[in-house]
Amino acid sequence: AEGDAAEGEKEFKKCKSCHMIVDGDNTIVKGGKTGPNLFGLPGRVAGVGDFRYGNSLAAVGETGLAWDEAEFVAYVADPKAWLKEKLDDSSAKSKMSFKLRDADDAANIWAYLVSVSPE
Ligand code: HEM
């Protein structure tokens, strides 16, 4: 189902303890620094940017995987399981332990991230 960006904005509360959304000098969501800045996530290569990513997520990025809705929804449902599957490596590790199991909530958050992304 198509995500609802307004709902996603509310649901992003679950993420902002660790993630900010910052476009240069423009802070869209003031958040924590435990996780990477999620500004411009849609279409961005995974595990690449100004953050000390874990080796597993960085390795997925080296394969060229870019975030789309399906990968995003699967990742946030269980980041470690997603990394294991992508790398075909049962020892893969995630620096994100938080899980958002509800796929509708994840689709809403994706729609919100799209809505605050550059064209
Ligand atoms: C990474 C989304 C909640 C900590 C990521 C990435 C996404 C994401 C898409 C990969 C970013 C990239 O490749 O550049 C979300 C969403 C959340 C959420 C949508 C809420 C529903 C949290 C929470 C924490 C957290 C609550 C901390 C307790 C991290 C960390 C990473 C990460 C540390 C880096 C993972 C690694 O390098 O292995 N998150 N996150 N996230 N997130 Fe979250």
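Right above here is the structure, for reference.
Residues numbered from 1 in each chain as written. Predicted model: local features only at pLDDT ≥ 70, side-chain atom pairs only at ≥ 80, totals over all residues. Heavy atoms only, no water.

Taken together, 27 residues lie around the ligand, and C15, C18, H19, Y53 and M96 are the ones closest in. With respect to the ligand, the side chain of H19 contributes an N or O atom lying 2.8 Å from a nitrogen atom. Taking G54, its main chain carries an N or O atom lying 2.7 Å from an oxygen atom of the ligand. It is helix α3 (residues 69-77) that contributes the most residues to the shell around the ligand, three residues altogether. Broken down by class, the residue content of the shell around the ligand amounts to 17 nonpolar, seven polar and three charged. (Near = heavy atom within 4 Å. Polar contact = N/O pair within 3.5 Å; in protein donor to acceptor, adjacent residues only side chain to side chain. Helix = DSSP H or I, 4+ residues; strand = E, 2+ residues; numbered from the N terminus. Nonpolar A, V, L, I, M, F, W, Y, C, P; charged D, E, K, R; others polar.)

We now examine the coordination of the iron atom of the ligand. At 2.0 to 2.2 Å from the iron atom of the ligand lie its protein donor atoms, namely H19 (NE2) and M96 (SD). Of note is the iron atom of the ligand, whose six donor atoms meet at the metal with angles of 87 to 178 degrees in an arrangement that counts as octahedral. Of this pair, H19 sits in the loop between α1 (5-11) and β1 (21-23) while M96 sits in the loop between α4 (79-87) and α5 (103-115), placing them 77 residues apart in sequence. On the accessibility criterion, H19 (11% relative accessible area) is buried. (Donors = N, O, S within 2.8 Å, 3.2 Å for Na, K, Ca; no water. Tetrahedral: all angles 85-135°; square planar, octahedral: opposite > 155°, others 65-115°. Buried < 20%, exposed > 50% of the residue type's maximum accessible area, 1.4 Å probe, protein only.)

Let's shift gears to the nonpolar core. If you look at the biggest cluster of nonpolar residues, it comprises 28 residues, and the most contacted ones within it are F12, I21, L57, W67, F72, W82 and L113. Residue assignment for this core shows that the elements contributing at least two residues are α2 (55-62), α3, α4 and α5. Tallying contributions element by element places α5 first for this core, with five residues. Not counting the four nearest positions on each side in its chain, I21 is found in contact with F12, N26, T27, I28, V29, N37, L38, F39, Y112, L113 and V116. (Core = buried A, V, L, I, M, F, W, Y, C linked by side-chain atoms within 4.5 Å. Contact = heavy atoms within 4.5 Å.)

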